[in-house]
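Chains, contacts and geometry: an overview
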Amino acid sequence: MMHQDSGEGTTTLTDRISYRVEGLTKTFPGVEALKDVSMEVREGEIHGIVGKNGAGKSVLMSVLSGLLTATAGEMHIRGQAVDMRRYNTPRAHALGVELIPQEPTAAPDMSVQDNLFLGSGYAGKLGFVELGRLSEQVREVIDRLEISARPEWPIKYVSVEDQQLLAFGKALYVNNAQVILLDEITATLPRQRKTRFLQFLKAEVERKPELSFTLISHHIDEIMEFCDRVTVMRDGQAIGPLEVSDITKSELADLITGGTTVSVPGTRPTDESEEHPVVLSARNLTSPGNFRDVSFELRGGQVLGVAGLAESSGKDALLPALVGLAKVSEGEVHVGGEPLRGATPRKALKRGLVYLPKKREEEAVITEGSVQDNLLASIYERIRNLLGVIDSRKAREISLENIRGFGIKARSPNVRINTLSGGNRQKVMLARLMNTSPVALLLDEPTRGVDLGAKAEIMGLIRESLAERRAVIITSESEEELVELCDQILIINRGRLVRVLSREEENFSPQEVYRLVQGVGTSRSEAGSEDSA
Ligand SMILES: Nc1ncnc2c1ncn2[C@@H]1O[C@H](COP(=O)(O)OP(=O)(O)OP(=O)(O)O)[C@@H](O)[C@H]1O
């Protein structure tokens, strides 16, 4: 833990407060995102903010950085009381506060170098010598943060994680910010790079004791290892700050989820009267660099969930591996009892396995096409007439049927898909998959980025497809959703299948799934798993 690591008098925590918020409330229509939140961060500190999705972490950061105005409450930043009504991003910057958001905000066509100095007052006024000095500074940012880019590259060619790190480099080195808020900056970094980045943060607060970092993370391991204190957000309320050295990982997980591991029965009814045959199975499936030795069996009419931390667990590669989009080095997949060798998406489709990628907008939606183009994309071959021409009456009929059956809000099949909301686009994708009459649906985070209403509808559609004895595999960042839908849940942690929860054998709760995902033992899986994770 950081206190111990940074022993020998190197602890830089001062008693000075970097920022403090009191009684902070933020209400949106129908949502109380922050409820009377009070917390503080000291100078020289790396302060963790943890909490489940929707707990209020990002809203808290947005209020602190002037992006959102609080409904009520007070803030003190570096000794100054903030005038809450007038507080905005320029004022936050003037006080030394910078937020590095999850999604990059850089100007895509400008170069890395210009982005770094955009808005800093340097642009356009430089002589040769200063330019040389700045280029050196840019190179230093790139080197120190291990960014794969050159100063002259348009920033759109730089990966999202590197863009986030560049924004961080800009806050730290160019703008000299003192209160740096990091919204899941470690989420997409590979493990070793993440560790080096967190070590870098530690070294920076030691070097500049007036600095503070506030780190939102879903990885409680890294909070335990690198943070001095932590504030837990739960349902808009703050718990803490807590000294990390005073709590265990297990206690922290309990605070995040609300503690009890009482099993709430899932609402998904299981049809026990009849056991359907296994339609999809994997044995010792290994995808190098992602996961190894994953086995499961899935019957028709059942849902298998896959849970694990984003990126680092390797779970994101499981569904792509099944359809040949991620490398498989060992193991076997069987569909309907027959082996599926050398899978490609086309081969998989022929065998009745259809896949909805997590990044549906980039990888599945035909953005320039109509709703109809999107609905029929996988079955055009089936609706050609003898001359090979698309039967337009049939095409329209199927599209209208899909629009009705899937509750897609679109005026006609001919409207551009881009005019639909995220939830409706997702329903179009589900309808497209279902049109192929699949044996199994592989859905990577099907409710990601859709509003609550659409979420419920999508869950309903998945359930309906079970009645036709389809099998479904679903990944989700929401433990509640997994518990509600799934008959079995695979827990993947650092590339290993660490546990299979099966409703036939036990009831499981969202808390339990959360703890397993984080590598914390549960009341049932005895102690020891915490260490082995
Ligand atoms: N602009 C907004 N309008 C309406 N509601 C919002 C807005 N921004 C956030 N919310 C709601 O406020 C609550 C807190 O959201 P917030 O984004 O802070 O969660 P979070 O803890 O950061 O979650 P995640 O880990 O998923 O990023 C949620 O219920 C969210 O739907």
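In the nomenclature of an unreviewed UniProt entry, the protein chain is known as ABC-type sugar transport system ATPase component of Rubrobacter radiotolerans.

Okay, the overall build of the protein chain next. Within the protein chain, the regular secondary structure consists of 19 helices and 20 strands. Residue pairs at least 24 apart in sequence account for 70% of intrachain contacts in the protein chain once pairs closer than 6 positions are excluded.

Moving on to the environment of Leu198. Here Leu198 shows up in helix H7 (residues 191–207). On a C-alpha basis, the gap between Leu198 and Leu215 in space is 9.9 Å, while along the polypeptide they are 17 residues apart. With residues up to four places along the chain from it excluded, the contact list for Leu198 reads Thr186, Glu222 and Phe226.

The subject of this paragraph is helix H18 (residues 510–517). Judged by how many residues are buried, H18 sits mostly within the fold: eight of eight residues are covered. Listing the buried residues of H18 in full gives Pro510, Gln511, Glu512, Val513, Tyr514, Arg515, Leu516 and Val517. In this fold, the buried residues of H18 make contact with helix H9 (249–257), strand S13 (303–307), helix H17 (479–485), strand S19 (488–493) and strand S20 (496–502).

Around the ligand, the neighbouring residues are Phe28, Val31, Ala33, Gly51, Asn53, Gly54, Ala55, Gly56, Lys57, Ser58, Val59 and Met233. If you list the elements that add at least two residues to the shell around the ligand, you get strand S2 (31–42) and helix H2 (57–64). Ranked by residue count, the leading element in the shell around the ligand is H2, at three residues.

Where strand S9 (residues 229–234) and strand S10 (residues 237–243) come together, five bridges link them in antiparallel fashion. If you follow Met233 over to S10, its bridge partner there is Ala238. What sits between the antiparallel neighbours S9 and S10 is a turn of two residues, in which Asp235 has the positive phi angle 50°.

Turning our attention to the domain arrangement of the protein chain. The domain architecture assigned to the protein chain consists of domain 1 (2–96 + 178–257), domain 2 (106–175) and domain 3 (278–361 + 438–532). Between domain 1 and domain 2, the residue contacts involve seven residues of the former and eight residues of the latter. Of the residues assigned to the side of domain 1 that touches domain 2, the class counts are four nonpolar, two polar and one charged.

Rules behind the numbers
- Residues numbered from 1 in each chain as written.
- Predicted model: local features only at pLDDT ≥ 70, side-chain atom pairs only at ≥ 80, totals over all residues.
- Helix = DSSP H or I, 4+ residues; strand = E, 2+ residues; numbered from the N terminus.
- Contact = placed C-beta atoms within 7 Å.
- Buried ≥ 20, exposed ≤ 12 C-beta atoms within 10 Å, placed from the backbone.
- Near = placed C-beta within 6 Å.
- Pairing = 2+ DSSP bridges.
- Domains from an automatic or database assignment.
- Nonpolar A, V, L, I, M, F, W, Y, C, P; charged D, E, K, R; others polar.

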